[in-house]
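Residue-level listing of the chains:
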Amino acid sequence: MTETDIKKGLAGVVVDTTAVSKVNPETNSLLYRGYPVQELAASCSFEQVALLLWNGELPSDSELAEFTAFERSHRALSPELKQIIDALPATCHPMDVCRTAASVLGAQDPTAEDSSREANLAKAKSLLAAMPAVVAYDQRRRRGQELVEPRDDLGYAQNFLWMTFGEEAAPPVVEAFNVSMILYAEHSFNASTFTARVITSTLADLHSAVVGAIGALKGPLHGGANEAVMHTFDEIGIRQEETAEEAEARAKAWMDDALAQKKKVMGFGHRVYKNGDSRVPTMKAALDAMIEHYDRPELLGLYNGLEKSMGEAKNIKPNLDYPAGPAYHLMGFDTPTFTPLFVASRISGWTAHIMEQLESNALIRPLSAYNGPDERHVS
Ligand code: CMC
């Protein structure tokens, strides 16, 4: 094998089939089980989309009602898990809390070692229902606030915001949050999903695969980019008194400088899409709605300035994390909580892939080309 045979980062390598989603960079489209993600975001709840990813079809009214009842009755943070979260230092990253919580939920699940589809689907539903309380409570405890109990009269998105902020969110905020959850739900063989499939291929349990996926998502080249985008905005400086034009000019200057220094700017570029991320227009519309709702035009200026400068200098387009970061900021989430929001959503896609992997499993075990010293001996 020569070095040219090696596909660094598995770029361009097709490793398996999947029926969960289809990314088509040529047509700039993303389909979940055949449905364009934009259509799902426009007309479905996140709960419906999760069922679509797991089952392959959009749910009937009765299937949705059954899942809704299940999800609402599995939202509360158990006292044991709360105690474990409380024992973690507030200095640790919220993704560490998510990762720990997913592991604890696995250890607490009496069916953890049952890898039948039925058991795994139940575990997937439980994890999806439980994670918002973890994310919401972790943000609250860092702010010195008490746990807010879930409300079973609210949908998933509305309740997530309720548990985080202790007040009912305005309809446009719920709508934008629901859209973000749908857009983050699934994206074929990205790094975290592939990690989940690798772990599953060893026949380890579902929670182990999700814990590994959370670890992979944490990095700034993957899910951690939504948090990193906000750090960029903070570094440029958010000045509420500025006009959009003033903010745009400062952002452009910042980007020109960053690119001159050959910096990688998070929230831009994609391994698969080279001509723009299919999810961006929908999330940008959600961000625009938030900018209007909170009357924060200077954020649009920063957004436009970075995007224009990057486009002009390198023709690199934003990815989903770029509009998602400032949208979550406007909703009131603390920056380190952004990637845990991605986790809460992506649990649906990860678990759909875990179940698919088990349907026709083959241990994932690639080869490497050795380039260390030739054989040698101790004496
Ligand atoms: N800022 C500046 N330059 C970039 C960027 C960027 N964000 N992305 C790519 N480039 C340049 C890179 O420097 C390189 O230039 P050159 O050929 O002159 O050395 C060229 O574009 C190719 O980049 P690459 O990193 O080799 O390409 P890749 O396909 O491995 O990268 C990527 C994909 C997502 C890792 C990369 O675009 C990146 O690091 N982006 C920033 C992190 C980010 O936003 N990640 C979120 C990805 S999408 C959502 C998700 O999965 O969470």
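Residues numbered from 1 in each chain as written. Predicted model: local features only at pLDDT ≥ 70, side-chain atom pairs only at ≥ 80, totals over all residues. Heavy atoms only, no water.

### Comments concerning the site of the ligand
Put simply, the test is: Whether a residue is near a molecule or strand is decided by its heavy atoms; if any one of them lies within 4 Å of it, the residue is near. Any N or O atom pair separated by 3.5 Å or less is treated as a polar contact, with the protein-specific requirement of one donor-capable and one acceptor-capable atom, and with residues adjacent in sequence counted only for side-chain atom pairs. The Shrake-Rupley method, run with a 1.4 Å probe, gives the accessible areas here. Residue values count only the displayed protein chains as cover.
The full set close to the ligand counts 20 residues, and His222, Lys264, Val265, Gly267 and Phe268 are the nearest of them. One nitrogen or oxygen atom from the main chain of Gly267 is found 2.7 Å from an oxygen atom belonging to the ligand. Look at the ligand: alone it shows 920 Å² of surface, and the protein chains cover 68% of it.

### Examining unusual backbone geometry
Condition: Numbered from the N terminus, helices here are DSSP runs of H or I no shorter than four residues, and strands are runs of E no shorter than two.
The backbone of Leu203 sits at a positive phi, close to 70°, despite the residue not being glycine. For Leu203, the position within the fold is in the loop between helix H9 (191-201) and helix H10 (206-218).

### Observations concerning the environment of Tyr322
Going by this rule: Any pair of residues with heavy atoms lying within 4.5 Å of one another is described as a contacting pair.
Looking at the element boundaries, Tyr322 is found in helix H15 (residues 321-331). Sequence separation between Tyr322 and Met283 is 39 residues; the distance between their C-alpha atoms is 8.9 Å. Setting aside its immediate chain neighbours within four residues, Tyr322 contacts Val229, Phe233, Gly267, Phe268, Leu302, Tyr303, Leu306 and Glu307.

### A look at the packing of helix H13 (residues 280-294) against helix H14 (residues 297-314)
This is how the line gets drawn: Structural elements are reduced to axes, namely lines fitted to C-alpha atoms, with helices fitted over the stretch in contact, and the angle between N-to-C directions of any two is expressed from 0 to 180 degrees. Working rule for angles: under 35 degrees goes down as roughly parallel, over 145 as roughly antiparallel, 65 to 115 as roughly perpendicular, anything else as oblique. Should the near helix be turned counterclockwise from the far one by less than a right angle, the crossing is left-handed, whereas a clockwise turn marks it as right-handed.
As a packed pair, H13 and H14 sit with axes 9 Å apart at the nearest point and diverge in direction by 150°. Classified by the angle their axes make, H13 and H14 are roughly antiparallel. Regarding H13 and H14, the two cross each other, and that crossing is left-handed. Listed contacts from H14 to Val280, Lys284, Leu287, Asp288 and Ile291 of H13 are Pro297, Leu299, Leu300 and Tyr303.

### Focus on the pairing of strand E1 (residues 21-24)
We count it as follows: For two strands to be treated as a pair, DSSP must find no fewer than two bridges joining them.
Where E1 lies against strand E2 (residues 29-32), 4 bridges are found, and the strand directions are antiparallel. From the neighbouring strand, Ser21 faces E2, where its bridge partner is Tyr32. Where E1 folds back onto E2 in an antiparallel hairpin, the turn is made up of 4 residues, including Asn28, whose phi is positive at roughly 55°.

### Comments concerning the packing of aromatic side chains
The description of an aromatic ring pair rests on the distance of the ring centres and on the angle between the ring planes. Formally: A pair of aromatic rings is counted whenever rings of Phe, Tyr or Trp (Trp by its six-membered ring) have centres within 6.5 Å, and the orientation is called stacked for planes under 30 degrees apart, edge-to-face for over 60 and tilted otherwise. Burial classification: accessible surface area is computed with a 1.4 Å probe over protein chains only, and a residue below 20% of its type maximum counts as buried, one above 50% as exposed, and the rest as partly exposed. Charge-over-ring contacts are defined here by two conditions on Lys NZ or Arg CZ: a distance within 6 Å of the ring centre and an angle within 35 degrees of the ring normal.
Overall, the coordinates contain 15 aromatic pairs when judged by the stated rule. Aromatic pair Trp54 and Phe67: ring centres 5.6 Å apart, planes at 90°, arrangement edge-to-face. Placement of Trp54 in helix H2 (residues 46-55) and of Phe67 in helix H3 (residues 61-73) is noted, with a sequence separation of 13 residues between them. Looking at Trp54, the relative accessible area reads 2%, which means it is buried. With 5.7 Å between their ring centres and 25° between their planes, Phe177 and Phe333 make a pair best called stacked. One end of the pair, Phe177, is in helix H8 (residues 171-184); the other, Phe333, is in the loop between H15 and helix H16 (338-359), with 156 residues separating them in the sequence. There is no split in this pair, since Phe177 and Phe333 are both buried. Each residue in the set Phe46, Tyr156, Phe160, Phe165, Phe177, Tyr184, Tyr328, Phe333, Phe338 and Phe342 is aromatic and connected to the rest through ring pairs, giving one cluster. Residue placement shows Arg151 over the ring face of Trp162; its charged tip is 4.8 Å from the ring centre.

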